[in-house]
Amino acid sequence: MYFDWHTWLGIGASIVLLALIIPYIRSITRSTTRPSAVSWFGWALLFAIATAAQASKGIDWSLAIPLISTISTTTIAFTALYLGRAVWTRVDGICIALGILAIILWALTKEPLTAIILSIIADFFVTVPTIVKTFQDPTSEPAMLWVIYVIAVTAELVATRDL
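Position numbers for residues count from 1 along each chain, tracking the sequence in the order it is written. Where local features are concerned, this predicted model is filtered to residues with pLDDT of at least 70; where side-chain atom pairs are given and counted, the filter is 80 or more; whole-chain, interface and lining totals use all residues. Based on all heavy atoms of the structure, the side-chain values leave hydrogens and waters out of the count.

Take the packing of aromatic side chains next. Stacked, edge-to-face and tilted labels apply to pairs of Phe, Tyr and Trp rings (six-membered ring for Trp) whose centres lie within 6.5 Å, assigned for plane angles under 30 degrees, over 60, and everything in between, in that order. Scanning all chains against the criterion turns up 7 aromatic pairs. Centroid distance W43 to W146: 6.1 Å. Interplanar angle 65°. Geometry classified as edge-to-face. With W43 in helix α3 (residues 37-56) and W146 in helix α7 (residues 143-159), the pair connects residues that are 103 residues apart, well separated along the chain. Only protein chains enter the calculation, and the probe is 1.4 Å; a residue is then buried if its accessible area is under 20% of its type maximum, exposed if over 50%, and partly exposed in between. A residue is classified by how much of its surface remains accessible, and W43, at 9% relative accessible area, is buried. Each helix is a run of DSSP H or I of at least 4 residues and each strand a run of E of at least 2, with the numbering of both proceeding from the N terminus.

Rendered as structure tokens:
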């Protein structure tokens, strides 16, 4: 198997994303991070769907990105829930309902562009609770971990050859 710079960049970014689980969970256990259960469970579901879709095309290095994201988001969601650190508001209820509706419509569509648009809409709706929560309480999320996350995801996008 030939490894070019795309592969190495993707592997490096995936390792960074996987490593971010540890300090994020540590911040949850120390009660400095109060994650939105809707966002983390929603992201876990969306990543699991993406992982299954990617795996159905064949297993290669590109599967690492959605698989690591599925493991990370699921681990964080259950940790927060188990420790009682997850928050739940009325906004969460509205957003999870809209996110689930978008996921159902996404699953029912046979049109690729429509499926992509609906997955983006679902992702937006499950992200809103974290945005609202963080806007209301900026100390509820570790800013530096999110900065590192954005850099790693950007590196993964650069490593992707088929955009």
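Here the focus is the pattern of salt bridges. Salt bridges are defined by distance alone: a side-chain nitrogen of Lys or Arg within 4 Å of a carboxyl oxygen of Asp or Glu. All told, the structure shown has 2 salt bridges when counted by the stated rule. Between R34 and D137 there is a salt bridge, with the nearest N and O atoms lying 2.5 Å from each other. On the criterion of sequence distance, the pair formed by R34 in the loop between α2 (21-29) and α3 and D137 in the loop between α6 (112-136) and α7 is long-range, its members being 103 residues apart. Given a relative accessible area of 25%, R34 falls into the partly exposed group.

At S31, a residue that is not glycine, the phi angle is positive and equals roughly 65°. Counting through the fold element by element, S31 comes out in the loop between α2 and α3.

By definition, no residue in a patch forms a salt bridge, and every one has over 30% relative accessible area; like charges are joined within 9 Å, nonpolar side chains (Val, Leu, Ile, Met, Phe, Trp, Tyr) within 5 Å. Areas reported here follow the Shrake-Rupley algorithm with a probe of radius 1.4 Å; residue values treat only the protein chains shown as occluding. Taken together, I94, L98, I100, L101, I104, L105 and L108 make up a surface patch of nonpolar side chains, about 620 Å² in accessible area. Relative to the assigned elements, L108 resides in helix α5 (residues 90-108).

This brings us to the side chain of D92. For D92, the position within the fold is in helix α5. Buried and unpaired, D92 has K133 as its nearest opposite-charge partner, separated by 9.1 Å. Leaving out residues up to four positions away in the same chain, D92 has contacts with S36, V38, V87 and P129. Positive residues here are Lys and Arg, negative ones are Asp and Glu, while His and the chain termini are left out of the count. Note on definitions: a residue-residue contact is assigned when non-hydrogen atoms from the two residues lie within 4.5 Å.

With that out of the way, let us pick up α6. Look at α6: 37 Å from first C-alpha to last across 25 residues, which is about the 36 Å you get at 1.5 Å a residue. For α6, the complete set of buried residues consists of A115, L118, S119, A122, V126, V128, P129, T130 and K133. Each element contacted by the buried residues of α6 is listed here: α3 and α5. Multiply 1.5 Å by the residue count of a helix minus one, and that product is the helix's expected span.

An α-helix turns once per 3.6 residues; consequently, residues spaced three or four apart project the same way. Look at α3: 28 Å from first C-alpha to last across 20 residues, which is about the 28 Å you get at 1.5 Å a residue. Those residues of α3 lying buried are A37, V38, S39, W40, G42, W43, A44, L46 and T51. Taken together, the buried residues of α3 touch α2, α4 (64-82), α5, α6 and α7. Remark: G58 follows α3 within two positions and exhibits a positive phi of approximately 125°.

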